[in-house]
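Structural overview for review
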Amino acid sequence: MTEIKIEEKVMDKFERPLISLRISITNRCNVKCFYCHHDGIVPQNYEMTSNEMQRIVKVAKEIGIEKIRLSGGEPLIRDDIVDIVTKISSVGFRDISLTTNGVLLGKYAEQLYNAGLTRVNVSFDTLNPETYKRITKRDYMELAKNGVERAVKAGLNPVKVNMVVMKGINDSEIWDMFQFCKDTGAILQLIELLKTENCQESEFFDEYHFDMGELEDELSKISNRVKTRRFMQDRKKYFVNGGEIEIVRPMDNTEFCKNCTRLRITPDGKIKPCLLRNDNLVDLIEPMRRGFSDEELKKVFLKAIENREPYFTDKC
């Protein structure tokens, strides 16, 4: 597969290349995490079909998209998830990944690998059954843990465990989770809570936000090596005694936006140019269902790219 050079890619007006496309294939979920932003549920008949997603990624590839990530809601809740991955894989991308809570991953890991899935991120915040039930309102911790282990054994690489760190809830478990990931062959990815303009969510942030600063200072001292990921918001990856820890800190606002190379598709088929905005979405599925050609759909993508601008700037 010939890879398009960065300088040859479609750029937005802030000279950020478009490299990846994140497709939210459902808003439905089988857990109820109390920090989740997806509190609205889109009925199943509003979701895109596997054929529609295949066509979307074909057009996306023509504008230079190299990487696809499937997310939700919980993507594995869709009965046709293996078919979705198979059809997207047939288009030919260098990377196809999926974000899941891991509850159904033990069931699907090998099938997804065989269908063409490259890697997986598992949202898994705790190894304590009571804490897991407090966070998710479900008693699925062992299923999620097994999902991580089965994904590694199936050959998905890398398998990353996304741990949202919350003060007073699971911040004391960071090193236990690191040891689990190290023993399993997974990578630990620590997620810092993101503050939004919603007043209710601001109160949640104030109560549970865990500042990663001191932890990063500690990791800098004990790491064998530190790597900065340029096109992943300049996030740091720390190599510690044979294991890996990545820190995702969206509070590094200007860096988070400056290095953004991703477009998103909502479950009902709208292009979302910015993670933190909902006022500039561009409908893609409606023109597709009206019979737009691939060239016309490409123009819809370019319109969405024109709408991209940093949410955070140095003037904030």
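Residues numbered from 1 in each chain as written. Predicted model: local features only at pLDDT ≥ 70, side-chain atom pairs only at ≥ 80, totals over all residues. Heavy atoms only, no water.

What follows covers the overall build of the protein chain. Across its full length, the protein chain holds 11 helices and 12 strands. Across the 316 residues in the protein chain, those meeting the buried criterion constitute 52%. Considering only contacts within the protein chain whose residues lie at least 6 apart along the sequence, 70% involve residues at least 24 apart. Looking at the protein chain as shown, the accessible area adds up to about 15200 Å², and 46% of this sits on carbon and sulfur atoms. (Helix = DSSP H or I, 4+ residues; strand = E, 2+ residues; numbered from the N terminus. Buried < 20%, exposed > 50% of the residue type's maximum accessible area, 1.4 Å probe, protein only. Contact = heavy atoms within 4.5 Å. Areas by Shrake-Rupley, 256 points an atom, 1.4 Å probe, with all protein chains shown as cover.)

Geometrically, the link from Gly72 to Gly73 is a cis peptide bond, its omega value of 15° lying close to zero. On the secondary structure map, Gly73 appears in the loop between strand 2 (67-71) and helix 2 (81-89). For the peptide bond that leads from Asn157 to Pro158, omega is 0°, which places it in the cis range. Along the chain, Pro158 falls in the loop between helix 5 (141-154) and strand 5 (159-164). In this structure, Glu15 takes a positive phi of about 60° despite not being glycine. Within the fold, Glu15 resides in the segment before strand 1 (20-24). Of note in this structure, Lys137 is not a glycine but carries a positive phi near 65°. Its place among the elements puts Lys137 in the loop between helix 4 (129-136) and helix 5. Residue classification places Lys137 among the partly exposed positions, given a relative accessible area of 46%.

Turning next to the packing of helix 3 (residues 105-115) against helix 5. Two elements in contact, helix 3 and helix 5, have axes separated by 8 Å at closest approach and are oriented at 20°. Taken together, helix 3 and helix 5 sit at an angle that is classed as roughly parallel. Seen from above, helix 3 lies across helix 5 with right-handed handedness. Contacts from Leu105, Gly106, Ala109, Glu110 and Tyr113 in helix 3 reach Asn146, Gly147, Val148, Arg150, Ala151 and Ala154 in helix 5. Of the residues belonging to the contact of helix 3 with helix 5, the class tally is 6 nonpolar, 3 polar and 2 charged. (Axes fitted to C-alpha atoms, helices over the stretch in contact; angles between N-to-C directions. Parallel < 35°, antiparallel > 145°, perpendicular 65-115°, else oblique. Left-handed = near helix turned anticlockwise from the far one by under 90°. Nonpolar A, V, L, I, M, F, W, Y, C, P; charged D, E, K, R; others polar.)

With mixed pairing, the 12 strands of this open sheet are ordered in space as 7-8-9-6-5-4-3-2-1-10-11-12. Strand pairing shows two members of the sheet lacking a second neighbour, strand 7 (225-229) and strand 12 (282-283), which therefore form its edges. Looking at chain direction, strand 3 (residues 95-100) and strand 4 (residues 119-123) are connected through 4 bridges and run parallel. Across the sheet, the residue bridging to Thr100 is Val122, located in strand 4. Contacting strand 5, strand 6 (187-191), strand 8 (235-240) and strand 9 (243-248), helix 6 (residues 174-184) crosses the sheet at an angle of about 150° to strand 6. (Pairing = 2+ DSSP bridges.)

Applying the stated criterion to the full structure yields 20 salt bridges. Two residues, Asp279 and Arg277, come together in a salt bridge whose shortest N-O distance is 2.8 Å. Salt-bridge contacts for Arg277 lead to Glu309; the nearest nitrogen and oxygen are separated by 3.2 Å. A residue pair is termed long-range when its members are at least 10 positions apart, and Arg277 in the loop between strand 11 (270-272) and strand 12 and Glu309 in the segment after helix 11 (294-306) qualify at 32 residues. Classification of Arg277 by relative accessible area gives buried; the value is 18%. Through salt bridges with shared partners, a single ionic network connects Arg28, Glu47, Arg78 and Asp80. (Salt bridge = Lys/Arg side-chain N within 4 Å of Asp/Glu carboxyl O.)

Okay, the confidence of the model for the protein chain next. Low pLDDT marks regions whose predicted coordinates should not be analysed in detail. Put simply, the protein chain has an average pLDDT of 89, and 88% of its residues get 70 or more. Here residues 39-43 is modelled with pLDDT under 50, and outside its nearest four sequence neighbours on either side it reaches 6 contacts, counting other chains as well. (pLDDT = per-residue confidence, 0-100.)

For the rest of this paragraph, the subject is the pairing of strand 8. In terms of burial, strand 8 is a largely internal element, 5 of the 6 residues being buried. Here 5 bridges tie strand 7 to strand 8, and the two strands are oriented antiparallel to one another. What sits directly across from Thr228, in strand 8, is Lys236. Bridge count for strand 8 against strand 9 is 5 bridges, and the pairing is antiparallel. Bridge pairing in strand 9 places Tyr238 opposite Ile245. Hairpin connection between strand 8 and strand 9: a loop of 2 residues separates the two successive antiparallel strands, and Asn241 in this loop has a positive phi of roughly 45°.

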